[in-house]
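# Commentary on secondary and tertiary structure
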Amino acid sequence: MDCGEEVSLLRARLSRVKGVRELHFDVARGLMEVEYAPELTTEEAIGAAVASIGMCCEKWAARPEKKRSENWGRRALWASGALLAGGMALQVWHGEGVVETLLAHGHAGAAHHHEMPVSALVCYAASIAAGASLFWRKAWAALRSLRTDMNLLVGVSLLGAAVLGEWAEGATLAFLYGLAGRLESLSLERARRSVARLLELIPAQAWLVHGDHEHRVEAETLAAGARVRVKPGERIPCDGRILEGEALVDQSPLTGEPVAVEKREGDEVFAGTLNQSGALLVEVRRAAQDARLQQMLRMLEESGSRKSESERLVERFARRYTPAVLLLAAAVAAVPPLAGAGGWSEWLYHGMAVLLIACPCAFVISTPVTVMAALASAARQGVLVKGGAFLEAAGRLKALAMDRAGILTQGEPRLACSEELSEAHQEELRQWQRWRAGQGGGIPLTPKWAEAAGLTLELKEKISGLAQDGCTVAARQSGVLEAWCDEPPESARRLVKALKGLGVERIVLLASDPAPAAQAAAQAVGITEYHAELSAGEKAEEIRRLQQETGAAAMLGDCVADAEAMKRAAVGISVASPASEAAQESADVIVTGPALEKVAFLAAHARRALRVIRQNIALALLLKAAFLAAAATGRAALWMAVAADTGATLIVTLNGLRLLRSTAHPIQEE
């Protein structure tokens, strides 16, 4: 499935199958979802209906490597091209001009075709037959369902070329149409493979450990709690925790990190990552189907249903564009002959050229291919966007709000000081814990919330004193107050500056921590707007206000207290970690690795994707307009019309696939 026209054909055919209730299509990934009543129809019947229009379908989970029909189609295409070349060579051999044959149109009929040798004529006719074998069933299905698609238009044009004696042009038309379809299919398959390649990272088998021995099992059978051995050079088959050993692990498929990370006992590892050194004993944390890589793939599959505004706009435009061009083609074919400006056969030919150019494939495919390429490329960099709508929103961000701990800071707090409390103060803290639970949790121990909970002035001053040095305060069950400090990494200031350079004009710190900690972190990285000691509800309110003021604000968080704020933002961004799984459900984007660096990449990458989408729409429109003008004034041949349509489709597809190449640096623009 390489074009939106084929969706119409499939929908028209399958809607006549008794028991089919609902159909969903994703052209970019070649996916069709069918909801049907099993008591009324079967998968085999659905497959037969698809086969009746010259296409084939197979289960999404079991895609074979090669199909004999594909090999046959390739042979038919090259046979068409070879016969076309042979016919042209024979014309040249007999002193005939091939260029004049393709550009001069007498339209006198098959009996008065351009003078050419019989052998060349036979080659051209055979070339037409070989090329038409690739799509005649689709054309016949379109005719039966009374739908005017590109296959039917090319089929009618081939018949018209034969009637008008334009054998060389008909053969050129058949070969070019088949070749363009093949090139479109290959370019789309490249993008589809980039997503499927993620699944190939998970090894098929794993070494399961039982007591003092181990044996090979299928990786998909691993359950939580099982233990597996991962040897050097092997990919890790599961999400889990290291029980024994240490090694360098390449996490680039999930995080985009170019350098392997050192992992040791107690550290978390993920399915699909590569153990570069040292044997590891890993305890499985999640079943195979719940591994992070599998979740990424599921989210990428689901992202097709969350279309961007550009995709919806293009679809609405295409619905109005096609009828308008049909009227234009009818006018080109009928008005000049009625006005005495030429013969009917000549202007019917030009009307047919308009129809061939009119196919909206270039528009319809340009945006979804671009979005899919951008989503796949971002996933390989550890940025999982849950749909084109969120990618486009990320490309228009004007403001970014973020939590402090683990996002703006390094996430490696150090103990600055501690103080043991009296029994009376310990009782106060237990009272505060009860009050905090009554508020729904998510409230840190800060001077503001200590006062709200009714703690004594003396204890509140102790908390304030510990917080003065820019630290957060924690209370232990043992009756000890601790101050923990966590500083921003050196790259944070550079990344904040880069985000502003990308057009994210306002960067706001929304911290649950005490005011001194928030102020210290904000000043260290060059953020001038910050708010401290915020509850979950207050963060959500700040995001609502920021969204109203800027129109496009994102929230970057890493815990359940940020979930409500993420929902209020245009784009909710969550850090992937075991502690933030609840927040990830609310997020539109999930990042793995250094959060601020990944958001800088997302802003640059999404803006790049928006530029490519605009380029594709402009290219499709300009090429269509230029060739429509040529066809409407009688200056375009049928083979030029096909070259215009399929050429435009190929250009925008390849332009969109450029996004599969990530930029060298997270904030480097192309």
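The preceding data block contains the structure.
Residues numbered from 1 in each chain as written. Predicted model: local features only at pLDDT ≥ 70, side-chain atom pairs only at ≥ 80, totals over all residues. Heavy atoms only, no water.

### Re the overall build of the protein
Our working rule: Working definition: helices are DSSP H or I runs of at least four residues, strands are E runs of at least two. Numbering for both runs from the N terminus. Each residue gets one of three labels from its accessible area relative to the maximum for its type: buried under 20%, exposed over 50%, partly exposed in between, using a 1.4 Å probe on protein chains only. The contact criterion used is simple: two residues touch if any of their non-hydrogen atoms lie within 4.5 Å. Computed with a 1.4 Å probe, the accessible areas rest on the Shrake-Rupley method; for each residue, only the protein chains presented here act as cover.
For the protein, the helix and strand inventory stands at 24 helices and 21 strands. The 670 residues of the protein split such that 51% are buried. Considering only intrachain contacts with a sequence separation of at least 6, the fraction spanning at least 24 residues in the protein is 68%. Carbon and sulfur atoms provide 56% of the accessible area of the protein, an area that totals close to 29,700 Å².

### Thoughts on a nonpolar patch on the surface
Rules: Surface patches are drawn from residues lacking salt bridges whose relative accessible area is over 30%; two like charges belong together within 9 Å, two nonpolar side chains (Val, Leu, Ile, Met, Phe, Trp, Tyr) within 5 Å. By definition here, a salt bridge exists when the distance from a side-chain nitrogen of Lys or Arg to a carboxyl oxygen of Asp or Glu is within 4 Å.
Taken together, Trp136, Trp140 and Leu143 make up a surface patch of nonpolar side chains, about 360 Å² in accessible area. Take Trp136: it is sitting in helix α6 (residues 136-144).

### Focus on the sheet that holds strand β4 (residues 213-218)
Keep this limit in mind: The pairing criterion for strands is at least two bridges between them, as found by DSSP.
What the six strands build is an open sheet, ordered β4-β3-β5-β11-β6-β9; its pairing is antiparallel. Here the strands that pair on one side only, and so sit at the sheet edges, are β4 and β9 (268-269).

### Focus: the environment of Cys417
Summarising the element assignment, Cys417 is placed in strand β14 (residues 414-420). Judged by relative accessible area, which is 33%, Cys417 ranks as partly exposed. Residues contacting Cys417, with those up to four places away along its chain left out, are Leu466, Leu481, Glu482 and Ala483.

### Concerning unusual backbone geometry
Located in the positive-phi region is Glu533, a residue other than glycine, with phi close to 55°. Of note, Glu533 is situated in the loop between β18 (529-531) and α20 (536-550). The exposure class of Glu533 is buried, given its relative accessible area of 11%.

### Quick look at the packing of aromatic side chains
Remark: the centre distance and the inter-plane angle together describe each pair of aromatic rings, the angle taken between the planes. Defined as follows: Two rings belonging to Phe, Tyr or Trp (six-membered ring only in the last case) form a pair when the distance between their centres is within 6.5 Å. Interplanar angles under 30 degrees mark stacking, angles over 60 mark edge-to-face geometry, and anything in between is tilted. Two thresholds decide whether a charge sits over a ring: the Lys NZ or Arg CZ must be within 6 Å of the ring centre and within 35 degrees of the ring normal.
For the structure shown, the criterion picks out zero aromatic pairs. Above the face of the Trp207 ring, Lys231 is positioned so that its terminal group lies 4.2 Å from the ring centre.

### Some remarks on the sheet that holds strand β13 (residues 399-402)
Test applied: Note on definitions: angles span 0 to 180 degrees between N-to-C directions of axes, and those axes are lines fitted to C-alpha atoms, for helices only across the stretch in contact.
Taken together, seven strands build an open sheet; the order of strands is β12-β21-β20-β19-β13-β17-β18 and the sheet is mixed. For this open sheet the edge positions go to β12 (383-385) and β18, each flanked by a neighbour on one side alone. Across this sheet, the average inter-strand angle for adjacent strands is 20°, counted without regard to direction. Of the strands in this sheet, β13, β17 (506-510), β18 and β19 (553-557) are in contact with α20, which crosses β17 at around 170°.

### Looking at the pairing of β13
Along β13, one buried face is formed by Ala399 and Ala401 and the opposite face, lined by Leu400 and Met402, is buried too. Two strands pair when backbone bridges link them, and β13 and β19 are joined in this way by four bridges, in the parallel orientation. Bridged to Ala401 within β19 is Met555.

### Structural notes on the state of the cysteines
Put simply, the rule is: Two cysteine sulfur atoms make up a disulfide if the distance between them is within 2.5 Å.
Applying the stated rule across the entire model yields zero disulfides. Take Cys57: it sits in no disulfide, and the sulfur closest to it among the cysteines is that of Cys56, at 7.2 Å.

### Notes on helix α17 (residues 457-467)
The criterion, for reference: By arc we mean the arc of the directions from the helix axis to the C-beta atoms, nothing more.
Buried within α17 are the following residues: Leu459, Lys460, Ile463, Leu466 and Ala467. Angular distribution of buried residues about the axis of α17 spans 125°; they occupy a single face of the element.

### Quick notes on the environment of Leu421
As for its placement among the helices and strands, Leu421 is situated in the loop between β14 and α15 (423-438). By relative accessible area, Leu421 is classed as buried at 6%. As for Leu421 and Gly479, which are separated by 58 residues in sequence, their C-alpha atoms are 5.6 Å apart. Once residues lying within four places of it in the same chain are set aside, the contact partners of Leu421 are Gln426, Leu429, Leu459, Lys462, Gly479 and Leu481.

### Topic: helix α18 (residues 491-501)
Considered for burial, the residues of α18 that qualify are Ala492, Leu495, Val496, Ala498 and Leu499. When α18 is viewed along its axis, its buried side chains cluster within an angular range of 160° and face the same direction. For α18, the exposed residues set more than 90 degrees away from the buried face come down to Lys497 and Gly501. Phi for Gly503, located one or two positions after α18, is positive at around 110°.

### Things to note about the pattern of salt bridges
Going through the model one piece at a time under the given rule, you end up with 14 salt bridges. Here Glu541 ties to Arg544 by a salt bridge, and the two come within 2.4 Å at their closest N and O atoms. Pair noted here: Glu541 and Arg544 are both in helix α20, with a separation of three residues, about one helical turn. Under the relative-accessibility criterion, Arg544 is labelled partly exposed at 30%. Residues joined in a network through salt bridges with shared partners are Arg506, Glu529, Glu542, Arg545 and Glu549.

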